[in-house]
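Descriptive structure summary
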Amino acid sequence: MDGVDYLADERKKAEFDVEAMKVVWAGSPHNLEVSDRISKLVADDPGFRKDDRTMLPRKELFKNTLRKAAYAWKRIVELRLSEEEASKLRFYVDESAYTDLHWGMFIPAIKGQGTDGQQQKWLPLAYKMQIIGCYAQTELGHGSNVQGLETTSTFDPHTDEFVIHSPTLTSSKWWPGGLGKVSTHAIVYARLLLNGKDHGVHGFIVQLRSLEDHTPLPGITVGDIGMKFGNGAYNTMDNGVLRFDHVRIPRNQMLMRVSEVTREGKYKQSDVPRQLVYGTMVYVRQRIVADASCYLSRAVCIATRYSAVRRQFGSQNGGPETQVIDYKTQQNRLFPLLASAYAFRFVGEWLEWLYMDVTKRLQASDFSTLPEAHACTAGLKSLTTSVTADGIEECRKLCGGHGYLCSSGLPELFAVYVPACTYEGDNVVLLLQVARFLIKTVSQLGTGKQPVGTIAYMGRIEHLMQCRSSAQRAEDWSKPSQVLEAFEARAARMSVSVACNLSKFTNPEEGFAELSADLVEAAVAHCQLIVVSKFIEKLKQDIPGEGVKQQLEALFGIYSLSLLHKHQGDFLGTSYLTPKQAALANDHLRSLYTKVRPNAIALVDAFNYSDHFLSSILGRYDGNVYPKLYEAAWKDPLNESVVPDGYLEYVRPLLKQQLHTARL
Ligand SMILES: Cc1cc2nc3c(=O)[nH]c(=O)nc-3n(C[C@H](O)[C@H](O)[C@H](O)COP(=O)(O)OP(=O)(O)OC[C@H]3O[C@@H](n4cnc5c(N)ncnc54)[C@H](O)[C@@H]3O)c2cc1C
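Going by an unreviewed UniProt entry, the protein carries the name Acyl-coenzyme A oxidase and comes from Castilleja foliolosa. According to the UniProt record, the Sequence similarities (unreviewed entry) comment for the protein reads "Belongs to the acyl-CoA oxidase family." Listed in UniProt under the heading Cofactor (unreviewed entry), the comment for the protein reads: "FAD".

This paragraph deals with the overall build of the protein. Broken down by element type, the protein carries 23 helices and 11 strands. Taken over C-alpha atoms, the radius of gyration comes to 27 Å for the protein, in line with the 26 Å a tight globule of 664 residues would show. Its C-alpha atoms put the protein at 90 × 80 × 60 Å along the principal axes. Sorting the 664 residues of the protein into buried and exposed places 54% on the buried side. The long-range share in the protein, meaning contacts at least 24 apart out of those at least 6 apart in sequence, stands at 73%. Of the accessible surface of the protein, which amounts to about 30,200 Å², a share of 55% is contributed by carbon and sulfur atoms.

So, on to the confidence of the model for the protein. Confidence along the protein averages 96 in pLDDT terms, with 100% of residues attaining 70 or more. The complex prediction reports pTM at 0.96, with the ipTM value standing at 0.98.

Right, let's talk about the site of the ligand for a bit. The full set close to the ligand counts 19 residues, and Tyr-135, Gln-137, Thr-138, Ser-144 and Asp-426 are the nearest of them. Tyr-135 is positioned with one of its backbone polar atoms (N or O) 2.8 Å from a nitrogen atom of the ligand. Between the ligand and Gln-137, the relevant distance is 2.9 Å, taken from an oxygen atom to a main-chain nitrogen or oxygen of the residue. Protein burial of the ligand: of its 970 Å² of free accessible surface, 63% is covered by the chains. No other element matches helix H12 (residues 427–444), which puts 3 residues into the shell around the ligand. By residue class, the composition of the shell around the ligand is 10 nonpolar, 7 polar and 2 charged.

Moving on, we get to the pairing of strand E6 (residues 197–207). Along any regular strand, the residues point their side chains to alternate faces of the sheet. Pairing between strand E5 (residues 185–194) and E6: 9 bridges, direction antiparallel. Counterpart to Arg-191 in the pairing with E6 is Val-201. Connecting E5 to the next strand, E6, in antiparallel fashion are 2 residues, including Asn-195 with a positive phi near 55 degrees.

This brings us to the pairing of strand E1 (residues 133–136). Here E1 shows two buried faces, one formed by Gly-133 and Tyr-135 and the other by Cys-134 and Ala-136. The sheet contact formed by E1 and E5 spans 4 bridges and is parallel. Bridging from a neighbouring strand, Ala-136 pairs with Val-188 of E5.

Counting 176 residues, the largest nonpolar core has Leu-338, Tyr-342, Trp-477 and Leu-552 as its most contacted members. Apart from the residues within four sequence positions on either side, Trp-477 is in contact with Ser-469, Ala-471, Gln-482, Val-483, Ala-486, Leu-561, Leu-564, Leu-577, Gln-581, Leu-584, Ala-585 and His-588. If you look at the next biggest cluster of nonpolar residues, it comprises 23 residues, including Ala-136, Val-188, Ala-190 and Val-206.

All right, on to the UniProt feature "binding site: FAD" (unreviewed entry) in the protein then. The feature "binding site: FAD" (unreviewed entry), as annotated in UniProt, sits at Thr-138 and Gly-177 in this numbering. The named residues occupy 40 residues along the chain; their greatest pairwise C-alpha distance, 10.7 Å, places them in one compact cluster. Locating Thr-138 in the fold gives a position in the loop between E1 and strand E2 (152–156). When neighbours within four sequence positions are excluded, Thr-138 is seen to be in contact with Gly-143, Ser-172, Lys-173, Trp-174, Trp-175 and Pro-176. Position of Gly-177 among the secondary structure elements: in the loop between strand E4 (173–174) and E5. Discounting residues that sit within four places of it in the chain, Gly-177 has contacts with Leu-101, Cys-134, Met-237, Asp-238 and Asn-239.

Let us now look at the packing of helix H2 (residues 18–26) against helix H9 (residues 328–363). Interaxial distance between H2 and H9 falls to 9 Å at its minimum, and their mutual angle equals 50 degrees. Taken together, the axes of H2 and H9 are oblique relative to one another. Along its contact with H2, which presents Met-21, Val-24, Trp-25 and Ala-26, the element H9 presents Ala-341, Tyr-342, Arg-345, Phe-346 and Glu-349. In terms of residue class, the contact of H2 with H9 is made up of 7 nonpolar, no polar and 2 charged.

Close approach of charged atoms allows side chains with opposite charge to pair. A full pass over the atoms with the stated rule returns 44 salt bridges. For the salt bridge of Glu-78 with Lys-74, the shortest nitrogen-to-oxygen distance reads 3.3 Å. Of this pair, Glu-78 and Lys-74 both sit in helix H4 (residues 58–78), separated by 4 residues, roughly a single helical turn. You can call Lys-74 partly exposed: its relative accessible area is 47%. Here the salt bridges do not stand alone but share partners, grouping Lys-50, Arg-53, Lys-68, Asp-94, Glu-95, Arg-298 and Glu-412 into one network.

Once that is clear, we can look at the UniProt feature "domain: Acyl-coenzyme A oxidase N-terminal" (unreviewed entry) in the protein. The sites that carry the UniProt feature "domain: Acyl-coenzyme A oxidase N-terminal" (unreviewed entry) are, in the present numbering, residues 17–132. Strand forms 0% of residues 17–132 and helix 72%; the C-alpha atoms that close the span are 44 Å apart.

On to the sheet that holds strand E7 (residues 220–224), then. Either a parallel or an antiparallel arrangement is found when strands of a sheet pair, and the pairing is made through backbone hydrogen bonds. The antiparallel open sheet is built from 3 strands, whose spatial order is E4-E8-E7. A single partner strand is all that each edge strand has here, and the edge strands are E4 and E7.

On to H9, then. With 36 residues, H9 should cover 52 Å at 1.5 Å per step; its first-to-last C-alpha distance of 52 Å lies within 8% of that length. At the exit of H9 stands Ser-365, carrying a positive phi of roughly 55 degrees.

Where helix H6 (residues 98–113) contacts helix H8 (residues 277–309), the two axes come as close as 9 Å, and the packing angle between them is 155 degrees. The orientation of H6 with respect to H8, classified from their angle, is roughly antiparallel. Here the hand of the crossing between H6 and H8 comes out right-handed. Contacts between H6 and H8 involve Gly-104, Met-105, Pro-108, Ala-109, Gly-112 and Gln-113 on the former and, on the latter, Val-277, Thr-280, Tyr-283 and Val-284.

Below, the discussion takes up helix H22 (residues 625–634). Listed in full, the buried residues belonging to H22 are Val-625, Lys-628 and Leu-629. Viewed end-on, H22 has its buried residues packed into an arc of 105 degrees, placing them on one side of the element. Along H22, the residues that are exposed and aim more than 90 degrees away from the buried face are Tyr-630 and Trp-634. As for H22, its buried residues are in contact with H8.

A complete count under the given rule lists 25 aromatic pairs for this structure. Taking 5.2 Å as the distance between ring centres and 75 degrees as the angle between the ring planes, the aromatic pair formed by Tyr-92 and Phe-613 counts as edge-to-face. Of this pair, Tyr-92 sits in helix H5 (residues 83–93) while Phe-613 sits in helix H21 (residues 611–614), placing them 521 residues apart in sequence. Residue Phe-613 is classed as buried on the basis of its relative accessible area of 1%. Ring-pair connections join several aromatic residues into one group, and the members of that group are Trp-25, Phe-91, Tyr-92, Tyr-342, Phe-346, Phe-535, Phe-556, Phe-607, Tyr-609 and Phe-613. Above the plane of the ring of Tyr-295 lies Arg-298, whose end atom (NZ or CZ) is 5.9 Å from the centre. The side chain of Arg-298 reaches across the aromatic face of Phe-613, ending 4.1 Å from its centre.

Rules used in this analysis
Residues numbered from 1 in each chain as written. Predicted model: local features only at pLDDT ≥ 70, side-chain atom pairs only at ≥ 80, totals over all residues. Heavy atoms only, no water. UniProt positions renumbered as here; feature names shortened; annotations may be inferred. Helix = DSSP H or I, 4+ residues; strand = E, 2+ residues; numbered from the N terminus. Rg over C-alpha atoms; globule rule 2.2 N^0.38 Å. Buried < 20%, exposed > 50% of the residue type's maximum accessible area, 1.4 Å probe, protein only. Contact = heavy atoms within 4.5 Å. Areas by Shrake-Rupley, 256 points an atom, 1.4 Å probe, with all protein chains shown as cover. pLDDT = per-residue confidence, 0-100. Near = heavy atom within 4 Å. Polar contact = N/O pair within 3.5 Å; in protein donor to acceptor, adjacent residues only side chain to side chain. Nonpolar A, V, L, I, M, F, W, Y, C, P; charged D, E, K, R; others polar. Pairing = 2+ DSSP bridges. Core = buried A, V, L, I, M, F, W, Y, C linked by side-chain atoms within 4.5 Å. Axes fitted to C-alpha atoms, helices over the stretch in contact; angles between N-to-C directions. Parallel < 35°, antiparallel > 145°, perpendicular 65-115°, else oblique. Salt bridge = Lys/Arg side-chain N within 4 Å of Asp/Glu carboxyl O. Expected span 1.5 Å × (residues − 1). Left-handed = near helix turned anticlockwise from the far one by under 90°. Arc of directions from axis to C-beta. Phe/Tyr/Trp six-rings, centres within 6.5 Å; stacked < 30°, edge-to-face > 60°. Lys NZ or Arg CZ within 6 Å of the ring centre and 35° of its normal.

Shown next as structure tokens:
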């Protein structure tokens, strides 16, 4: 029945102020106000409907995405939305589109790598969407290894131009979002060749399509790379292929903030430090971590609400069966994901601060924290996207069979999200970069160079190598300091141990390759420690609202102790814990599940997601799942006729034993 809240009893159980928790999740009362207003604006506008997305054929789907992107822009202009409101609107429209790359990669690349003059020329056009841009780095043959890119950009001093060329099939640009069908311009990464000398990979602004009729410019071959994983999902995006046949661009379209090519064809480093490009990278990765908390919280919201609606077994004397959320196994799978969503939210918030800090330092030519900031953002991107991708899939399983229906919202969420483990750096490749940084830090211990930021704990290496957990009772694990030391000791010991093993190799690179699996594990331990420590920092802040802090403390316990349980081998193997202490931690974890259980629905309500945004029948706010699932089934195009198209040709001849005369 519409209008009835089937989850009302669950909501009454909440032991904290949900409105105050909404503010914590949003980051501030201002953020909550903007998010709430814009999300309602999108949800109430039929122009942003998305419930038919998984049923549309690709061409229709894509055309509809183009319409929505144009309509969104129209609304942004009509309503005179600020940049903040506009980006929220795009977020709540919730459809991957060329605009993601235009705003998320093309513009930041020009801002980060373009000279002042280049920014003045290109940014106003891009801001008004008079040009649409994408980010063309990856090639058919090369992705992670950027230095292996093959596209060339050769300077021609006679015409003062660069000649962009794809010398081989494998040099074809392959994957860039927005490239296939829409972008008029691209930031193209190519090897800079001057007088036959290769100066490595640089970025160039290249016009791809006519601004009059959208046809590719001479020398350019461009198209879409084809259907991707899932229905709807990321197929709203035109990931593209691009080849250049000696395409000429003016010299001033090389992004020249850091290095330039003079009129005479000389390569010059500008006095702007090379490290500046890291600023853009920190920005992009910070966005990805923030997105991880959004995607994970969406999946968790769906699975939590449905777990409270769904009942299986346990009926007493003909009474209702048990809500599946009351099974400890369900809690043990679901609540750590709920806690992770909050943990990632807070680490994402901290990354926003880090980005501002890095920017300020770069402006003052202070590069001292850059290697640490780089390693930490690479690691957090890897950790949070991997957990989120696996977490969405776990939420699907938590919803049983119905989770497999597109109307649950989970298959599409998963299909849209999984590539985040690959783009902006393959997750394993990124963890190996973190590991290199950890090994370097270990090798510098004792040299007087103090580790800074998220690696500062290594400065207490002597203590961390020797200390033992003092936990004697389960409740001891409720102390953040107890948990923090456990994670620090584990991370430090794993790094030192793998560094010792590495030192046994005469060729360090050989050793690095041989021990790469252990190195990745050490990197994961370090990254989990960062998330744990940032959660603790959040808890130290003033958090208003009745019961809010207590819930966050419980979630912190669940996040950290579920990891401790999962990676028990690390903690025991490095001798920080005894098996008894690990068992006590697990006892405490179970008690936290009991504490969070009555608050679970309110904790996901605090995400403040509209039904439109969730687009999931299982995750409906009112819990009215079964009638809506039933209704939705009848809307499937296959149910438009009672007898399916194809019956006469292929089913009836079979039933009537007349296949020999059928036209198959
Ligand atoms: C949906 C989507 C959107 C994208 N959008 C863009 C875009 O807009 N612009 C753009 O330029 N690119 C884009 N990409 C490309 C993306 O950035 C690359 O796919 C990514 O960098 C990974 O590179 P790769 O595909 O070459 O993987 P590979 O590097 O070939 O990885 C294959 C496997 O090898 C492993 N591996 C690789 N190197 C090592 C190593 N050194 N040690 C151990 N293992 C290793 C990896 O872990 C992985 O398991 C997109 C990709 C996807 C899927």
